[in-house]
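Here is how the chains run, residue by residue.
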Amino acid sequence: MKKTINWGIIGLGKIANKFATDLAKVPDAQLYAVASRERKKALDFAKKFDVQTAYGTYEQLMQDELVDVIYIATPHVFHHKLTLDCLKNGKAVLCEKPFAMNLEEAIQMVDLSREKHIFLMEALWTRFLPHFKFVRNKIQSGELGSVLSLNADFGFKAEFDRNKRLFNKSLGGGSLLDIGIYPVFLAYAILGKPEEISATAEFSETGVDSSCTMNFIYENGVIANLFSTLLEKTGTTAEIELEKGNIILNSRFHEPTSVTVVSNGKKETITFDVNSNGYNFETEHVNEMLKEGKAESDLWTLDNTLDVAELLDKIKREIGLEYRE
Ligand SMILES: NC(=O)c1ccc[n+]([C@@H]2O[C@H](COP(=O)([O-])OP(=O)(O)OC[C@H]3O[C@@H](n4cnc5c(N)ncnc54)[C@H](OP(=O)(O)O)[C@@H]3O)[C@@H](O)[C@H]2O)c1
């Protein structure tokens, strides 16, 4: 593939703005085109980020021959169809988390990418952040022994608005799919798939979970206690207890942050130089994969994505959350 990779963005909301800011810092990438449902919005976004092409429909972006890869940044409910449409148009895709509304949708997306051999990845950006890689390496080195437990929470107070995506059921609202996915991701990335899951939730008047408490139980007695909420700000930290020490991913654990390691009576806090929101790490990885001609990531694989989708489905079943009316 050519040296500079031409990115396109579909859905110009909050995360698209942060993503575009960080993409400008990636040397072998250019934000070549953006698409909104409203042409005026696309033109304004293009002006702000110095983008040469602005479209007033998503389809035009998918059909632009100069676009190499499309970042899908719409509410969750549209990820499935838009990903399929991009792949059918021969475009590589980086799709926001949660990848899909359920495992069934996720399987269809993965199957099409594999059948067509076109790159597809879930934008689980935490996987690519330096502090997360440090934590994973530290645990895998074995120097602190085995993991005994993991606690992770993610909470913020969201203003209740039945029409906006966080509480709107038809847009895939709720704490689990929006932010609970991060504690779930962390437990999965460190401990794998649990033997058993128990979960309880509080619901908003729109029928989506405003809070979700999850326990993952592993064969060896290890427990992961996970929590997400849209009702209050919580520490948003993660603490991993090991046989010979503790590792704390400081607040907010899912984004670029520091890590504290406590062992042998010593406490050390490690900081990482990240001069961005942190989204450049996932895009750099996608660029690398595309240049190598890969159809899937070797760090956050499509099987990893399917595992997380399966875990989210199990949690939804436990709390009685069903998106199909
Ligand atoms: N990785 C992260 O750190 C992170 C952070 C926040 C959110 N996210 C994920 O990114 C996705 C978007 O989140 P966001 O916070 O950016 O949402 P947002 O601000 O509401 O923006 C979503 C965009 O999607 C488009 N859209 C298409 N159909 C829509 C509809 N029926 N209603 C509303 N918007 C529609 C709109 O773009 P146009 O008007 O331009 O078409 C809208 O601006 C979600 O899946 C979320 O989970 C990820």
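Before reading further, recall that the structure is shown in the block above.
Given the structure is predicted, the values throughout are model-derived calculations rather than measurements.

Quick one: what's the story with the overall build of the protein, residue by residue and with numbers?
Counting its secondary structure elements, the protein contains 9 helices and 14 strands. In terms of C-alpha radius of gyration, the protein reaches 20 Å, essentially the compact-globule figure of 20 Å for 325 residues. Looking at the protein residue by residue over its 325 residues, the buried ones come to 58%. Across the protein, the fraction of contacts at a sequence separation of at least 24, relative to all contacts at a separation of at least 6, is 66%. Carbon and sulfur atoms provide 46% of the accessible area of the protein, an area that totals close to 14400 Å². Distance from the positive charge centre (38 side chains) to the negative charge centre (47 side chains) of the protein: 5 Å.

Now, about the packing of aromatic side chains: what can you tell me, with residues and values included?
Tallied over the entire structure, the rule returns 10 aromatic pairs. Between F154 and Y182, the aromatic rings sit 5.6 Å apart at their centres with planes inclined by 35°, giving tilted as the arrangement. On the criterion of sequence distance, the pair formed by F154 in strand β7 (residues 147-155) and Y182 in helix α7 (residues 175-191) is long-range, its members being 28 residues apart. Ring centres of F185 and W300 lie 5.3 Å apart, and the angle between their planes is 70°; on these two criteria the pair is classed as edge-to-face. Of this pair, F185 sits in helix α7 while W300 sits in the loop between α8 (280-291) and α9 (302-319), and the two are 115 residues apart along the sequence. Taken individually, F185 and W300 each receive the classification buried, so the pair is uniform in this respect.

Any chance you could break down the packing of helix α1 (residues 14-23) against helix α2 (residues 39-49) for me, citing the residues and the numbers?
Where α1 contacts α2, the axes come no closer than 11 Å and their chain directions differ by 30°. In terms of orientation, α1 lies roughly parallel with respect to α2. Crossing geometry of α1 relative to α2 is assigned as right-handed. Between α1 and α2, the contacting residues are A16, N17, A20 and T21 on the first element and F45, K48 and F49 on the second. Partitioning the contact of α1 with α2 into residue classes produces 4 nonpolar, 2 polar and 1 charged.

Reading the values: rules and limits
Residues numbered from 1 in each chain as written. Predicted model: local features only at pLDDT ≥ 70, side-chain atom pairs only at ≥ 80, totals over all residues. Heavy atoms only, no water. Helix = DSSP H or I, 4+ residues; strand = E, 2+ residues; numbered from the N terminus. Rg over C-alpha atoms; globule rule 2.2 N^0.38 Å. Buried < 20%, exposed > 50% of the residue type's maximum accessible area, 1.4 Å probe, protein only. Contact = heavy atoms within 4.5 Å. Areas by Shrake-Rupley, 256 points an atom, 1.4 Å probe, with all protein chains shown as cover. Lys, Arg positive; Asp, Glu negative; His and termini not counted. Charge placed at Lys NZ, Arg CZ, Asp CG, Glu CD. Phe/Tyr/Trp six-rings, centres within 6.5 Å; stacked < 30°, edge-to-face > 60°. Axes fitted to C-alpha atoms, helices over the stretch in contact; angles between N-to-C directions. Parallel < 35°, antiparallel > 145°, perpendicular 65-115°, else oblique. Left-handed = near helix turned anticlockwise from the far one by under 90°. Nonpolar A, V, L, I, M, F, W, Y, C, P; charged D, E, K, R; others polar.

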